[in-house]
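Structural overview for review
Listed below, chain by chain, are the residues.
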Amino acid sequence: MTKLRYERPIITSLNGGVSNKFGTRSLHEPVSHIDGVSVKEIIAQYGSPVFILSERKIRQTYRDAKRAFTSRYPKVQFAWSYKTNYINAICNIFHQEGSWAEVVSIFEYKKAIANGVPGKNIIFNGPDKTEEDLRTAIENDSLIHIDHLDELYQIIELTGSLKKRPKVAIRVNMDTGIYPMWDRFGFNYENGQAWDAINKIILTDKMDLVGLHCHIGTFMLSPNAYAVAANKLSDLALGLKLHHKKNIEYIDLGGGFASKNTLKGSFLPGSDIIPGFDEYAEAICTTLLNAGFTKDDLPMLILESGRALIDEAGFLAGSVIANKRLSDGRRALVMDMGVNLLFTSFWYDHRISPVEASGHHTENAVIYGPLCMNIDVLRENVTLPPLKKGDQVVVHTVGAYNMTQWMQFISMRPNVVLIDPEGKTHVIRRKETVDDLNKMEEMPSHLKSFKI
Amino acid sequence: MLSWVLITSLSEGLKKCNMNVRIKSNVAVSDSGFVFDPSTGDSYSVNPIGVEIIQLLKEKSSTDDVLKSILERYETDEKTIDKDLFEFIQLLLNLQLAEKV
Ligand SMILES: Cc1ncc(COP(=O)(O)O)c(C=O)c1O
């Protein structure tokens, strides 16, 4: 006689009280396959935990986003935000789809160059660019987005010793009705700083002002904020035309479109409330088309969307190390993946699914990671079937920022696996070894030996 | 959700504490996993293995018998079922659906 599949016995109260805030939707349905590939097999082959990325989903999301904009506006260009996920294979998927690169450090800049992105298709953002960085960017004809006056003066100075005319844009910050206002980056619109900076660039005549840039915030739930931003940048562009008879080539509205994640404290799951690409595109494109540009002067629209393009294509699969009951009666699961790998669990309630099907009985649990640290909590409260040691789960919507902000703390980073459109798996970043880490360290000779 | 009473000494296995319990006679259990306690008006949902355990306990089986029966029928090992069964029985006691005999 074959034995039945074992599941821990559970009993759950059915009495009123506060109902599950997600109603009766069963978010704990098993996810045994990703793009037709068995999660169990991926873990068997590449270890647990393991990051999994779907190439098909990346391309599909990118094409959806692109279609939303190109069907409404004649000149659209995406630039992949490297910091969102700068594993080279991921960057190259976006480059194959036609994306430029958007970088915020010389490290990312060098990655883009090494990936084969032409210098003129790299947007160099951020407040921290050294003289050497700027020199490299100018020589490669990259688009330098100036963050502050010190950077502007440094570029003016550099032009004395360089033959090339730098191509620059300024980053503008503004009130779009969104709190908090990101005013630490760039030049303010409302108080006239941005217009001053534009005048300085034009009057010193050492560089070409090719664009205007802003990035109004991240995980923006209001498409209207983008309409306000597009309007203010258009106003600057039209002012430039009026006063200096110059056209800018592009308006870059940055990133910030929300991904289908659920912010902590949100009453509804993200997938139910976040605007789609069409809603962002409608707000932005309508504003630009009605701003007052002549047909020939319409600037190119650049978008640096990060999380919305990749978050959903990323999964983290891992295993239960232990389950226990806490002193207050709550069920707790200890997983082999924690906040060291999933930085975004500090602000999202990530959806977690069991890999294997089980009965329809569930219980609430707190999910801990493996670190010996109190902060290592993946979910404070999630409804899952009873899981036991060795059972596997999939954490969803983790493609953005985790594979760049992960910490090498207590344990090492695991394999990152890409599933290609044919369903073949590829390691795109191999797991770290102790040797990798020790290689970076040096031992002073007086510390080489000891007796205990 | 459940206001559980503190569960102590989970590390002690069933056999060591030689604990036998009985489901209270007025507690109703359906095969589909619906449990109703008429003395409090509280109702509960139990998964199939939980129903099986409750029914065994209703039939006056000892915890040892329950453990053996589960071991025979399910793909698990003694350590696991010992730990889970002990915890489950503690819950039944805390919810006052069962009493020690
Ligand atoms: C300048 C700039 N562009 C683009 C992005 C990408 O943002 P998101 O991932 O929210 O789309 C960021 C992220 O903070 C940014 O600072």
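Everything numeric here is computed off the predicted structure, so don't read it as measured data. (Residues numbered from 1 in each chain as written. Chains lettered and ligands numbered in written order. Predicted model: local features only at pLDDT ≥ 70, side-chain atom pairs only at ≥ 80, totals over all residues. Heavy atoms only, no water.)

1. Some points on the domain arrangement of chain A
All names here are of chain A. Here is the rule: Domain limits in this description derive from either an automatic procedure or a database domain assignment. Residues are treated as being in contact if the distance between any of their heavy atoms lies within 4.5 Å. Summed over both partners, the accessible area (1.4 Å probe) lost when two parts come together is defined as the buried area. The salt bridge criterion pairs a side-chain nitrogen of Lys or Arg with a carboxyl oxygen of Asp or Glu, the two atoms within 4 Å. Under the scheme used here, helices are H or I runs from DSSP no shorter than 4 residues and strands are E runs no shorter than 2 residues, and both carry numbers assigned from the N terminus. Each residue is assigned to one class: nonpolar for Ala, Val, Leu, Ile, Met, Phe, Trp, Tyr, Cys and Pro, charged for Asp, Glu, Lys and Arg, and polar for all the others, Gly among them.
Its domain assignment divides chain A into domain 1 (25-52 + 314-432) and domain 2 (55-311). Between domain 1 and domain 2, the contact holds 24 residues from the first and 25 residues from the second. When residues of domain 1 are sorted by the area they lose upon contact with domain 2, Tyr-348, Tyr-401 and Thr-404 head the list and together hold 28% of the total. At the boundary of domain 1 with domain 2, the tally comes to 2 salt bridges. A salt bridge links Lys-264 to Glu-380, with the shortest nitrogen-to-oxygen separation between them at 3.4 Å. Where the side of domain 1 that touches domain 2 is concerned, the elements lending two or more residues are helix H12 (402-405), strand S21 (416-419) and strand S22 (425-429). At 3 residues, the largest contribution of residues to the side of domain 1 that touches domain 2 is made by S21. Residues that form the side of domain 1 that touches domain 2 fall into these classes: 12 nonpolar, 6 polar and 6 charged.

2. A short note on the site of the ligand
Residue and element names in this part refer to chain A. We count it as follows: The nearness test applies per residue and asks whether one of its heavy atoms lies within 4 Å of the molecule or strand. Polar contacts, as counted here, are pairs of nitrogen or oxygen atoms within 3.5 Å of one another; within protein the pair requires one atom able to donate a hydrogen and one able to accept it, and residues that are adjacent in sequence qualify only if both atoms are side-chain atoms. Accessibility throughout is a Shrake-Rupley quantity obtained with a 1.4 Å probe, and a residue counts as covered only by protein chains that appear here.
Inspection of the region around the ligand gives 16 residues, with Thr-218, Gly-256, Glu-304, Gly-306 and Tyr-401 positioned closest. Between His-215 and the ligand, the recorded distance is 3.3 Å, taken from a side-chain N or O atom to an oxygen atom. Coverage of the ligand by the protein amounts to 93% of the 400 Å² it exposes when considered alone. For the shell around the ligand, the class distribution of residues is 1 nonpolar, 10 polar and 5 charged.

3. A look at the sheet that holds strand S2 (residues 11-13) of chain A
Test applied: Following DSSP output, two strands are said to pair if at least two bridges run between them.
As summarised here, the arrangement of the 4 strands in space is S2(A)-S4(B)-S3(B)-S2(B), forming an open sheet in which the pairing is antiparallel. Two strands close off the open sheet at either side, each with one partner strand: S2 of chain A together with strand S2 (28-29) of chain B. Pairing analysis gives 4 bridges linking strand S3 (residues 34-37) of chain B to strand S4 (residues 42-46) of chain B, with the strands arranged antiparallel. By the bridge assignment, B:Asp37 is partnered in S4(B) with B:Asp42.

4. Let's talk about the packing of aromatic side chains
Residue and element names in this part refer to chain A. Selection rule: In summary, the pairing rule links any two rings of Phe, Tyr or Trp, Trp by its six-membered ring, whose centres are within 6.5 Å, and it sorts them by plane angle into stacked for under 30 degrees, edge-to-face for over 60 and tilted for everything else. Two conditions define a charge sitting above a ring: the NZ of Lys or the CZ of Arg must be within 6 Å of the ring centre, and it must be within 35 degrees of the ring normal.
In the structure shown here, the tally under the stated rule is 18 aromatic pairs over all chains. For the pair Phe-219 and Tyr-348, a centre-to-centre distance of 5.5 Å together with 50 degrees between the ring planes defines the contact as tilted. Taken as a pair, Phe-219 in the loop between strand S12 (208-213) and helix H8 (223-244) and Tyr-348 in the loop between strand S16 (331-335) and strand S17 (352-354) lie far apart in primary sequence, 129 residues in all. Ring pairing ties together the aromatic residues Tyr-62, Phe-69, Phe-78, Trp-80, Phe-94, Tyr-226, Phe-257, Phe-277 and Tyr-280, which thus form one cluster. Over the ring of Phe-124 we find Lys-129; its NZ or CZ atom is 5.6 Å from the centre of that ring.

5. So, a nonpolar patch on the surface
Operational definition: A patch is a set of surface residues, each over 30% in relative accessible area and not in a salt bridge, joined within 9 Å for like charges and within 5 Å for the nonpolar side chains Val, Leu, Ile, Met, Phe, Trp and Tyr.
Taken together, the side chains of A:Leu221, A:Leu263, A:Phe267, A:Leu268 and A:Ile273 present a nonpolar region at the surface, about 430 Å² in accessible area. Relative to the elements of secondary structure, A:Leu268 occurs in the loop between strand S13 (250-252) and helix H9 (270-273).

6. A short note on the nonpolar core
Definition in use: Residues enter a nonpolar core if they are buried and are Ala, Val, Leu, Ile, Met, Phe, Trp, Tyr or Cys, with the set joined through side-chain atoms within 4.5 Å. Buried, partly exposed and exposed residues are distinguished by accessible area as a fraction of the type maximum, computed with a 1.4 Å probe on protein chains only: under 20%, between the cut-offs, and over 50%, respectively.
With 104 residues, the main nonpolar core has A:Phe69, A:Ile90, A:Ile146, A:Ile170 and A:Leu253 as its most contacted residues. The biggest single contributor to this core is H8(A), with 8 residues. When residues of this core are assigned to domains, at least three fall in each of domain 1 (25-52 + 314-432) and domain 2 (55-311) of chain A. Every residue in contact with A:Leu253, bar those within four places of it in the chain, is listed here: A:Cys214, A:His215, A:Tyr226, A:Ala229, A:Ala230, A:Leu233, A:Ile284, A:Leu301, A:Ile302 and A:Leu303. B:Leu57, B:Ile70, B:Ile81 and B:Phe88 belong to the second-largest nonpolar core, a separate cluster that totals 30 residues.

7. Notes on the interface of chain A and chain B
Contacts between the two partners involve 25 residues from chain A and, on the opposite side, 35 residues from chain B. Summed over both partners, the interface of chain A with chain B comes to about 2,600 Å²; 59% of that surface belongs to carbon and sulfur atoms. Contact with chain B buries area across many residues of chain A, yet A:Tyr6, A:Ile11 and A:Arg325 alone supply 29% of it, more than any other trio. The tally of links between chain A and chain B comes to 2 salt bridges. Between A:Arg331 and B:Glu87 there is a salt bridge, and its shortest N-O distance comes to 2.5 Å.

8. Describing helix H4 (residues 106-115) of chain A
Residue and element names in this part refer to chain A. Rules: Arc definition: it is the arc formed by the directions from the helix axis to the C-beta atoms.
Taken as a whole, H4 has its buried residues at Glu-108, Tyr-109, Lys-111, Ala-112 and Asn-115. End-on view of H4: buried residues confined to an arc of 160 degrees, all on one side of the axis. Turned more than 90 degrees from where H4 packs its buried face, Lys-110 and Ala-114 sit exposed. In this fold, the buried residues of H4 make contact with helix H3 (88-96), strand S7 (100-103), strand S8 (122-124) and helix H5 (131-139). A positive backbone phi angle near 100 degrees is found at Gly-116, which sits one or two residues after H4.

9. Comments concerning empty space enclosed by the protein
Residue and element names in this part refer to chain A. Using the following cut-off: Put simply, the grid is 1 Å and covers the protein atoms alone, a cavity is a trapped set of points that fit a 1.4 Å probe, a pocket is an open set with protein on both sides within 12 Å along at least five of seven lines, and lining residues have an atom within 4 Å of a point. Grid points are joined across faces, edges and corners, and a volume is the space filled by probe spheres set on the points.
This model, assessed by the stated rule, comprises 3 cavities of 30 Å³ or more. By volume, the largest cavity amounts to about 80 Å³. Lining the largest cavity are 13 residues, and of these Asn-173, Met-174, Trp-182, His-215 and Ile-216 lie nearest its centre.

10. Some words on the pairing of strand S6 (residues 76-81) of chain A
Residue and element names in this part refer to chain A. Within S6, 6 of the 6 residues are buried, which leaves it mostly tucked inside the rest of the structure. In terms of strand pairing, S6 meets strand S14 (residues 300-303) through 3 bridges, oriented parallel. Following the sheet pairing, Val-76 is matched in S14 by Leu-301. Two strands pair when backbone bridges link them, and S6 and S7 are joined in this way by 3 bridges, in the parallel orientation.

11. Comments concerning the packing of helix H2 (residues 48-58) of chain B against helix H3 (residues 63-73) of chain B
All names here are of chain B. The condition is simple: Geometry is summarised by axes, namely lines fitted to C-alpha atoms with helices restricted to the contacting stretch, and by angles between N-to-C directions that run from 0 to 180 degrees. Each crossing gets its handedness from the near helix: less than a right angle anticlockwise from the far helix is left-handed, clockwise is right-handed.
Two elements in contact, H2 and H3, have axes separated by 10 Å at closest approach and are oriented at 145 degrees. As H2 runs across H3, the sense of the crossing is right-handed. Of H3, the residues touching H2 (which contributes Ile-49, Glu-52, Ile-53, Leu-56 and Leu-57) are Val-66, Ser-69, Ile-70 and Arg-73. Considering only residue class, the contact of H2 with H3 consists of 6 nonpolar, 1 polar and 2 charged.

12. So, the pattern of salt bridges
Applying the stated criterion across every chain, the model contains 29 salt bridges over all chains. Among the ionic pairs, A:Arg165 bridges to A:Asp208, the shortest N-O distance being 2.8 Å. Taken together, the positions of A:Arg165 in the loop between helix H6 (149-159) and strand S10 (167-173) and A:Asp208 in strand S12 put the pair 43 residues apart, joining distant regions of the chain. Its relative accessible area of 28% is what places A:Asp208 among the partly exposed residues. As a salt-bridge pair, B:Glu87 and A:Arg325 come within 2.9 Å of each other at their nearest N and O atoms. Of this pair, B:Glu87 sits in helix H4 (residues 78-94) while A:Arg325 sits in strand S15 (residues 314-325), which puts the two residues in different chains. Among the residues examined, A:Arg325 registers a relative accessible area of 11% and is labelled buried. If you follow the salt bridges from partner to partner, you end up with A:Arg8, A:Arg325, A:Arg331, A:Glu363 and B:Glu87 in one network.

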